[in-house]
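Read off the chains here:
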Amino acid sequence: MMSRRVVIDPITRIEGHLRIEVEIDENNVVQKAYSSSTLWRGIELILKGRDPRDAGLMAQRICGVCTYSHYKAGVEAVEDALGVTPPLNAQLVRSLLNESLYMHDHIVQFYHLHGLDWVDILSALEADPALAAKEAFKYTDLPIATGEDELKAVQEKVKGFSGKGSLGPFANAYWGNPTYKFTPEQNLIALSHYLKALEVQRIAAQMFAIFGAKQPHPQSLVVGGITSVKDMLSPARLAEWKSKYEIVKEFIDRAYYPDIVMAASAYGTEESVLGGMGVKNFLTGDAFLLSRNKNLFESGMIKNGDLSRVYPIEDQKIEEDVTHAWYEGDKPLQPYNGETIPNYTGFIDGDTVNGPAKIINEKDKYSWVKSPRYEGESCEVGPLASMLVNYAKGNKPVVDAVDTFLKRTGLPVEALFTTLGRTAARMLQTKVIADHAIITFNSLIENIKSDQSTYTKFEIDPALEYKGRFIGEVPRGTLSHWVRIKDGVIENYQAVVPTTWNAGPKDANDIIGPYEASLVGLKLEDPTKPLEVLRIIHSFDPCMACSVHVMDIKGKELADFKVSTVNGVGTC
């Protein structure tokens with residue numbers, strides 16, 4: 001029997017535009033999978049010819065969610081090129097911003113982007129609130145937002161949507177799919193936390209804005225330091241950050257952590273979440289300055305899932321392949337020498353389980369995402385990689401968090417190498433950050449007593465050439481920005497983002513990336529409602545890079561924009 005193709009386009013509840021196509025056999029088992037980003041960003045071209053001091057401000061427009069990540073990466077790549085070291089106060093404020101961002105991002109990712117892959121809203125409406133209130137105590141001694149009266153109110157609120165003929169924000173999902181495993185009462189607990197998380201994420205965003213000026217697209221970083229000096233020196237602003245931090249941390253401890261324990265209990269035998277991992281190379285960067293020269297998470301690489309050895313990251317071993325990406329190029333390039341020359345070849349006619357449609361041409365180019373490789377191998381990046389590498393390195397906060405969780409759930413270490421493990425790792429990373437962010441805060445308070453510097457002066461000599469990079473950890477994984485400066489302006493700029501590592505297409509050697517590999521072997525209960533695919537892909541937290549090159553669903557180009565630059569014209 002010929003294989004059948006399932007097309008999911010767009011993958012919703014993510015940042016940007018992602019298309020997944022899978023070929024299934026007569027038993028609905030995925031034999032081949034293809035990941036395609038259908039919008040182009042081209043920010044690297046806009047940065048060419050610009051003042052290096054503007055790199056961070058412009059690079060943050062790569063994303064609409066983790067804007068700070070690209071902002072900081074752009075600033076610190078230039079600092080690396082120029083040999084500039086910001087004062088400790090600036091480094092600690094940047095770390096507080098990063099910690100605030102992570103707490104905000106991961107809460108939103110689980111509850112509002114990924115959570116509904118695990119939670120059946122219609123089932124929650126059938127729950128007994130009294131039983132659900134008792135159920136919540138199985139997972140924590142101090143549940144939050146799960147009193148019987150609160151759960152009744154949640155049901156009434158959501159029933160109000162359905163009474164109007166629509167489920168509002170919960171419309172158009174695969175409710176009733178047999179791979180949902182929560183009981184009605186467990187679904188109601190998670191639904192209540194979904195709504196509570198809407199309040200908490202707002203507080204987390206406000207926490208970030210105290211030192212970032214606003215969220216998203218903060219404005220308080222400059223090459224050499226920070227500009228939120230008055231906020232840093234204000235006892236009232238510092239106290240405000242701490243009070244919001246305590247609210248967010250309480251939610252992580254009393255809702256997020258117990259909900260993942262509950263998920264581990266309910267989904268511990270669900271086949272579709274016990275796989276979802278085809279690439280077992282993991283790469284991660286340093287993150288979160290706690291005090292002078294001490295980071296919470298350390299960088300490194302694990303090969304083939306072997307936790308007995310961690311390798312250091314070497315810049316020259318990172319390359320990007322564009323064989324199956326919509327760019328010109330005939331060989332992998334190290335990012336310092338990377339090129340971004342678009343070469344769009346479009347889609348072809350094909351058959352799918354839903355009838356004739358445009359499909360990707362897997363024999364040619366089929367994505368705007370490049371294919372990063374480390375020593376020629378694909379790698380997964382993200383919270384799971386961070387937890388695994390630091391667990392293998394014996395990082396005590398991570399070892400303690402992972403071991404406690406495994407003991408609490410009865411899961412073996414091997415369970416980390418699954419979709420369930422990837423989802424749990426994001427929560428564990430959030431928990432470790434929340435537990436230690438106060439150390440960064442106290443280090444800042446202590447340092448301000450004797451040192452109030454926030455900026456390091458520097459000069460850019462037009463007669464010299466510079467190159468530098470940032471490699472570090474951001475909410476979706478390892479991010480790197482690479483810059484070359486010549487004649488006082490940016491000569492070349494490349495960003496290798498986390499989703500590029502995970503979502504890239506196969507390369508010239510037919511090595512596939514983490515997204516595609518994670519889906520091979522997956523069995524779909526109903527190919528017309530492929531919830532299992534969404535659950536796996538969402539566990540990576542896709543964030544497709546921003547673009548201004550817009551296509552309609554038939555592959556027709558709608559518009560092409562040209563943006564003037566200081567020294568010429570760039571097409572994006």
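Residues numbered from 1 in each chain as written. Predicted model: local features only at pLDDT ≥ 70, side-chain atom pairs only at ≥ 80, totals over all residues. Heavy atoms only, no water.

Under an unreviewed UniProt entry, the name given to the chain is Nickel-dependent hydrogenase large subunit, and the source organism is Sulfurovum zhangzhouensis. Quoted straight from UniProt, the Subunit (unreviewed entry) entry for the chain says "Heterodimer of a large and a small subunit." (UniProt positions renumbered as here; feature names shortened; annotations may be inferred.)

## A look at the confidence of the model for the chain
Predicted confidence across the chain gives a mean pLDDT of 92, with 94% of residues reaching 70 or more. Under a pLDDT of 50 for its full length, residues 545–559 has, in the predicted model, 38 contacts with residues more than four places off or in other chains. Predicted confidence is poor over residues 563–572, with pLDDT under 50, and the contacts of this stretch with residues over four places away or in other chains come to 26 contacts. (pLDDT = per-residue confidence, 0-100. Contact = heavy atoms within 4.5 Å.)

## Side note on the pattern of salt bridges
Applying the stated criterion across every chain yields a total of 34 salt bridges. Where lysine 393 meets glutamate 298, a salt bridge forms, and the shortest distance between an N and an O atom there is 3.2 Å. Of this pair, lysine 393 sits in the loop between helix H11 (383–392) and helix H12 (396–409) while glutamate 298 sits in the loop between strand E8 (294–297) and strand E9 (300–302), and the two are 95 residues apart along the sequence. Residue lysine 393 is classed as partly exposed on the basis of its relative accessible area of 37%. (Salt bridge = Lys/Arg side-chain N within 4 Å of Asp/Glu carboxyl O. Helix = DSSP H or I, 4+ residues; strand = E, 2+ residues; numbered from the N terminus. Buried < 20%, exposed > 50% of the residue type's maximum accessible area, 1.4 Å probe, protein only.)

## Let's talk about the side chain of aspartate 117
Take aspartate 117: it is sitting in the loop between helix H4 (88–114) and helix H5 (121–124). In this structure aspartate 117 comes out as buried when scored by relative accessible area, which is 0%. Of the polar contacts made by the side chain of aspartate 117, one reaches the side chain of histidine 538; its length is 2.6 Å. Look past the residues within four positions of aspartate 117 in its chain and what remains in contact with it is Arg13, Tyr180, Tyr267, Leu531, Leu534, Arg535 and His538. (Polar contact = N/O pair within 3.5 Å; in protein donor to acceptor, adjacent residues only side chain to side chain.)

## A short note on the sheet that holds strand E16 (residues 489–496)
Read from one edge to the other, the open sheet built from three strands follows the order E14-E15-E16, with strand pairing classed as antiparallel. Each edge of the sheet is formed by a strand with only one pairing partner; in this case those strands are strand E14 (466–474) and E16. Averaged over all adjacent pairs, the angle separating strand axes in this sheet is 15°, with direction ignored. As defined by bridge partners, E14 adjoins strand E15 (residues 477–486) across nine bridges and the pair is classed as antiparallel. Paired with phenylalanine 470 across the two strands is histidine 481, which belongs to E15. (Pairing = 2+ DSSP bridges. Axes fitted to C-alpha atoms, helices over the stretch in contact; angles between N-to-C directions.)

## Here's the deal with helix H16 (residues 531–539)
Owing to its 3.6 residues per turn, the α-helix aligns residues three or four sequence positions apart on the same side. Along H16, nine of the nine residues are buried, which leaves the element largely enclosed by surrounding structure. Looking at H16, one finds that the buried residues are Leu531, Glu532, Val533, Leu534, Arg535, Ile536, Ile537, His538 and Ser539. For H16, the secondary structure elements touched by its buried residues are strand E1 (4–8), strand E2 (18–24), H4, helix H13 (419–448) and helix H15 (514–519).

## So, the side chain of threonine 67
Along the chain, threonine 67 turns up in helix H3 (residues 67–82). For threonine 67, a relative accessible area of 0% translates into the label buried. In terms of polar contacts, threonine 67 uses its side chain to reach the backbone amide nitrogen of histidine 217, at 2.8 Å. The contacts of threonine 67, once residues within four sequence positions are left out, are Gln60, Gln215, Pro216, His217 and Pro218.

## Some points on the nonpolar core
Among the nonpolar cores identified, the biggest contains 129 residues, and Met103, Ile107, Phe170, Trp241, Val248, Phe297 and Phe405 are the most heavily contacted of them. By residue number, the principal contributor to this core is helix H10 (residues 235–266), which donates 15 residues. Not counting chain neighbours up to four residues away, the residues in contact with phenylalanine 405 comprise Tyr257, Ile260, Val261, Ala264, Leu411, Ala424, Met427 and Leu428. Core analysis: the next-biggest nonpolar cluster, separate from the first, contains 20 residues, Val22, Ala503, Leu522 and Ile536 among them. (Core = buried A, V, L, I, M, F, W, Y, C linked by side-chain atoms within 4.5 Å.)

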